[in-house]
Amino acid sequence: MVAAPILSEYQIPWTLFVATDFVDCPSDWHRTRMLTWDELGELSRMGVEIGSHSVSHPDFGRIDEKTAVDELQQSRSRLQSRLSLPIDSLAIPFGQSRNWSSFAHHAAQRAGYELIYAQAENTRPPGTIPRTFVTSIDDDRIFAALLDGAFDNWEEWY
Ligand SMILES: [Zn+2]
């Protein structure tokens, strides 16, 4: 809600990826940090693209095919029905190469996702789009390095 008017002023398009369970059944930790459905609707009316980040944010590299299909289909369907928007993009939870599988990729395509974002530019799974991991604790020096591609090979979780 803070970033939206600033990004809008500079005409920078952006996508917000939502793990739907975090909105539907927030834990105490999520309740103070995650947006509500009303806030997501407000942002989408401001022109922010909304994408899926699954239902429960699993590691798709460690779940079975049926669970992957359910996570991908149910998240997209929930977002579309709740926000009355087409949902065409998915950001892979965790986003590292080992957090994805070929059956998850096919399930995502069958579920209707046209854009699938992974992470590191040089190690992402085939058919995905690179994204850069930016956190609230990154200072200006780290952010500049991110923009320069310093982390294009970096998979931080492993
Ligand atoms: Zn995530």
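Residues numbered from 1 in each chain as written. Predicted model: local features only at pLDDT ≥ 70, side-chain atom pairs only at ≥ 80, totals over all residues. Heavy atoms only, no water.

A few points about helix H5 (residues 65–83)
Okay, step 1: In this model, H5 (19 residues) spans 27 Å end to end at C-alpha, consistent with the 27 Å of a helix rising 1.5 Å per residue.
Okay, step 2: Turning to H5, its buried residues number three or more, namely Ala 68, Val 69, Glu 71, Leu 72, Ser 75, Arg 76, Leu 79 and Leu 83. Around the axis of H5, the buried residues are gathered within 165° of arc, so they sit on the same side. Along H5, exposed side chains directed more than 90 degrees from the buried face belong to Lys 66 and Ser 81.
Okay, step 3: Its side-chain oxygen 3.3 Å from the backbone nitrogen of Lys 66, Asp 64 forms the N-cap of H5.
Okay, step 4: Following H5 by one or two positions, Ser 84 adopts a phi angle in the positive range, close to 55°. (Helix = DSSP H or I, 4+ residues; strand = E, 2+ residues; numbered from the N terminus. Expected span 1.5 Å × (residues − 1). Buried < 20%, exposed > 50% of the residue type's maximum accessible area, 1.4 Å probe, protein only. Arc of directions from axis to C-beta. Polar contact = N/O pair within 3.5 Å; in protein donor to acceptor, adjacent residues only side chain to side chain.)

Quick look at the pairing of strand E1 (residues 15–18)
Each regular strand shows side chains that alternate between the opposite faces of the sheet.
Okay, step 1: The alternating pattern of E1 places Leu 16 and Val 18 on a buried face and Thr 15 and Phe 17 on a face that is not buried.
Okay, step 2: As paired strands, E1 and strand E2 (residues 49–52) are joined by four bridges and run parallel to one another. Looking at E2, one finds that Leu 16 is bridged to Ile 50. (Pairing = 2+ DSSP bridges.)

Considering the nonpolar core
Okay, step 1: Counting residues in each nonpolar core, the largest one holds 27 residues, and the members touching the most others are Leu 40, Ile 50, Leu 72, Trp 100 and Tyr 113.
Okay, step 2: Of all elements in the fold, only E1, helix H4 (37–45), H5 and helix H6 (102–111) reach the threshold of two or more residues within this core.
Okay, step 3: With five residues, H5 is the largest single contributor of residues to this core.
Okay, step 4: Those residues in contact with Leu 40 that sit more than four places away from it in its chain are Leu 16, Val 18, Val 23, Leu 35, Ile 50 and Leu 83. (Core = buried A, V, L, I, M, F, W, Y, C linked by side-chain atoms within 4.5 Å. Contact = heavy atoms within 4.5 Å.)

Quick word on the packing of aromatic side chains
Okay, step 1: Tallying each qualifying case throughout the model produces two aromatic pairs.
Okay, step 2: Arg 76 extends its terminal NZ or CZ atom over the ring of Tyr 113, reaching a point 5.9 Å from the ring centre. (Phe/Tyr/Trp six-rings, centres within 6.5 Å; stacked < 30°, edge-to-face > 60°. Lys NZ or Arg CZ within 6 Å of the ring centre and 35° of its normal.)

A look at the coordination of the zinc ion
Okay, step 1: Of the protein atoms, only His 53 (NE2) and His 57 (NE2) coordinate the zinc ion, at distances of 2.0 to 2.1 Å.
Okay, step 2: Among the residues examined, His 53 registers a relative accessible area of 14% and is labelled buried. (Donors = N, O, S within 2.8 Å, 3.2 Å for Na, K, Ca; no water.)

All we've got here are geometric facts, nothing functional implied.
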